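# Survey of secondary and tertiary structure
One-letter residues, chain by chain:
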Amino acid sequence: MSSQIFRSASRAARSIVNASKSARFFSEGRAVAAAAAVSGRSIASNFGRAGSDNAFKTWISGALALPAAAYMFLDQEVHAAEFEHTFIAIKPDGVQRGLIAEIISRFERKGFKLVAIKVVIPSKEFAQKHYHDLKERPFFNGLCDFLSSGPVVAMVWEGEGLIKYGRKLISATDPQKSEPGTIRGDLAVVVGRNIIHGSDGPETAKDEINLWFKPEELVSYTSNAEKWVYGVN
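Residues numbered from 1 in each chain as written. Predicted model: local features only at pLDDT ≥ 70, side-chain atom pairs only at ≥ 80, totals over all residues. Heavy atoms only, no water.

In the annotation of an unreviewed UniProt entry, the entry for the protein reads Nucleoside diphosphate kinase, and the organism field reads Morus notabilis. Per UniProt, the protein carries the Subunit (unreviewed entry) text "Homohexamer." Quoted verbatim from the Function (unreviewed entry) heading of the UniProt record, the comment on the protein is "Major role in the synthesis of nucleoside triphosphates other than ATP. The ATP gamma phosphate is transferred to the NDP beta phosphate via a ping-pong mechanism, using a phosphorylated active-site intermediate. Shows the highest specificity towards GDP." (UniProt positions renumbered as here; feature names shortened; annotations may be inferred.)

## Side note on the environment of Cys 144
Considering the arrangement of structural elements, one finds Cys 144 in helix H7 (residues 140–147). Between the C-alpha atom of Cys 144 and that of Lys 124, which follows or precedes it by 20 residues, the distance is 5.8 Å. Residue contacts for Cys 144: discarding those within four places in its chain leaves Lys 124, Ala 127, Gln 128 and Tyr 131. (Helix = DSSP H or I, 4+ residues; strand = E, 2+ residues; numbered from the N terminus. Contact = heavy atoms within 4.5 Å.)

## Remarks on unusual backbone geometry
Its identity as a non-glycine residue notwithstanding, Ser 171 has a phi of 80°, on the positive side. Relative to the elements of secondary structure, Ser 171 occurs in the loop between helix H8 (162–170) and helix H9 (183–187). The backbone phi angle of Ile 195 is positive, close to 65°, even though this residue is not glycine. Structurally, Ile 195 is set in the loop between H9 and strand E4 (196–198).

So, in structure tokens, the structure goes:
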């Protein structure tokens, strides 16, 4: 009977989560209460059929576990919906200067999760695709020559509010205008050698990830640190 109760709780929690996606039903208290109401009839029915002290104890334990189960499923879905992916590339100057670990550690210390990484030497044609939005600028050719001049560390990162914060962490295109404490503010001097690229918006991130990575190259996993980064007290 205990397994039946927990299966009922799980089904109820999932139904609430599915409903929340369309109705924006993200209030934790209401979600838990609704999940309990959905499963209450099933649990009570099982208890009525059993008619014993053991059944009553099992019913109580199941009822107490239900809000936790509902909250667990809801919390996971809400965070999954809020997570963003962004594309980050350490340019040839950053690679040659041995800054790979330094740059990765800054994203990791913030709490973001690395879900794809590879080292490539892009062709000039590939660099032109990457910088396609700058093709009318006078520095376009030199920019593509530089990106294709050596190894690039291409990465996809995942996290809540990642795209906006990632840009803050990288800072201004011109390192002279970048704040101390940022990657370019601390590690770069001139615009032509600003060591890192980061997507500047959701659509750009999507396009750049699709350009640099195949879908199967992105890894989906739960980090042990996530409960300490996103946990709700």
